[in-house]
Amino acid sequence: MEKCIFCQIVAGDIPASKVYEDEHVLAFLDITQVTKGHTLVIPKKHVRNLLDMDSETAQQVFAPIPQLARRLQTVTGASGLNMLNNSEAVAGQTVFHAHIHLIPRFNDEDGLTIDFKTNEPNFEQLSQLAKAITNEV
Ligand code: 5GP
Ligand code: ZN
């Protein structure tokens, strides 16, 4: 079976522009640079995506993110930043090793468009859904 591309980066088999590394986590610049400084933060161990991730791994992956985000902002001069995760193909995942995108933001036309469709609130539905999610084990 062909090895996962991000596992190959962790192993040092293919190069990456690393910006952060510790025992469990690696962060490196995304090759496509949606905006300047676009960075991927990954667990070193192979996890498919957020839907497969345990809490301990999530803590390890998210712990360095605030400081890394501030470094990206300082270096790129960004005004803000989006943090994104695509889990499964329907959500846009193309590399099936979990990763968090950190995307510095400069203005409305900087390369990233996020379009939230808005709906009229239905409070009864919200209440039922919230109960179902709260009680799901
Ligand atoms: P996804 O669509 O799965 O959320 O994001 C995958 C990201 O990985 C894409 O933004 C893509 O540009 C990036 N990517 C794919 N292959 C490589 C690679 O070999 N090196 C680096 N640095 N980024 C990669
Ligand atoms: Zn992998």
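Look up: the structure comes first, before these words.
Residues numbered from 1 in each chain as written. Chains lettered and ligands numbered in written order. Predicted model: local features only at pLDDT ≥ 70, side-chain atom pairs only at ≥ 80, totals over all residues. Heavy atoms only, no water.

Chemist: Explain the coordination of the zinc ion (ligand 2) to me, using residue names and the numbers behind them.
Modeler: Working reference: metal with six octahedral donors, ideal angles 90 or 180 degrees; metal with four tetrahedral donors, ideal angle 109.5 degrees. Summarising the metal site, the zinc ion (ligand 2) is bound by the protein donors Cys4 (SG), Cys7 (SG), His46 (ND1) and His97 (ND1), whose distances to it range over 2.0 to 2.3 Å. Taken together, the four donor atoms surrounding the zinc ion (ligand 2) define angles of 103 to 119° at the centre, an arrangement classified as tetrahedral. Taken in sequence order, the residues that donate to the zinc ion (ligand 2) follow the motif C-x2-C-x38-H-x50-H. On the basis of relative accessibility, which here comes to 18%, the residue Cys4 falls in the buried class. (Donors = N, O, S within 2.8 Å, 3.2 Å for Na, K, Ca; no water. Tetrahedral: all angles 85-135°; square planar, octahedral: opposite > 155°, others 65-115°. Buried < 20%, exposed > 50% of the residue type's maximum accessible area, 1.4 Å probe, protein only.)

Chemist: So, helix 4 (residues 123-135): which residues are in play, and what are the values?
Modeler: Over its 13 residues, helix 4 runs 18 Å from end to end, which matches the ideal 18 Å to within 8%, given 1.5 Å per residue. Burial analysis of helix 4 places just zero of its 13 residues in the buried class, which makes it a mostly uncovered element. With a side-chain oxygen lying 3.2 Å from the backbone nitrogen of Glu124, the N-terminal cap of helix 4 falls on Asn122. (Helix = DSSP H or I, 4+ residues; strand = E, 2+ residues; numbered from the N terminus. Expected span 1.5 Å × (residues − 1). Polar contact = N/O pair within 3.5 Å; in protein donor to acceptor, adjacent residues only side chain to side chain.)

Chemist: Pulling in residues and values, what's your account of the pattern of salt bridges?
Modeler: Taken as a whole and assessed by the stated rule, the structure comprises six salt bridges. Residue Lys3 is joined to Asp13 by a salt bridge in which the shortest nitrogen-to-oxygen separation is 3.6 Å. Pair noted here: Lys3 is in the segment before helix 1 (5-11) and Asp13 is in the loop between helix 1 and strand 1 (18-21), with a separation of 10 residues, a long-range link. Overall, the relative accessible area of 47% leaves Lys3 in the partly exposed class. As a salt-bridge pair, Asp110 and Arg105 come within 2.9 Å of each other at their nearest N and O atoms. No difference in accessibility class separates Asp110 from Arg105, as the two residues are buried. A single salt-bridge network, built from bridges that share partners, covers Lys18, Glu21 and Lys44. (Salt bridge = Lys/Arg side-chain N within 4 Å of Asp/Glu carboxyl O.)

Chemist: Explain the packing of aromatic side chains to me, and be specific about the residues and the numbers.
Modeler: With the rule as written, the count across this model stands at one aromatic pair. A ring pair is formed by Phe6 and Phe28, whose centres lie 5.4 Å apart and whose planes are at 80°; its orientation type is edge-to-face. Remark: Phe28 occurs in strand 2 (residues 25-29) and Phe6 occurs in helix 1; sequence separation between them is 22 residues. Phe28 shares its class with Phe6; the two are buried. (Phe/Tyr/Trp six-rings, centres within 6.5 Å; stacked < 30°, edge-to-face > 60°.)

Chemist: Would you mind going over the nonpolar core in detail, with residue names and values included?
Modeler: Counting nine residues, the largest nonpolar core is built from Val25, Ala27, Val41, Val61, Ile65, Leu68, Leu72, Ile100 and Leu102. Mapped onto this core, the elements with two or more residues apiece are strand 2, helix 3 (65-76) and strand 5 (100-105). Among the elements that make up this core, the one with the highest residue count is helix 3 (three residues). If we skip the residues at most four places from it in the chain, Val41 touches Val25, Leu26, Ala27, Val61, Ile65, Leu68, Ala98, His99, Ile100 and Leu102. Among the nonpolar cores identified, the runner-up in size contains eight residues, and Cys4, Cys7, Leu26 and Leu40 belong to it. (Core = buried A, V, L, I, M, F, W, Y, C linked by side-chain atoms within 4.5 Å. Contact = heavy atoms within 4.5 Å.)

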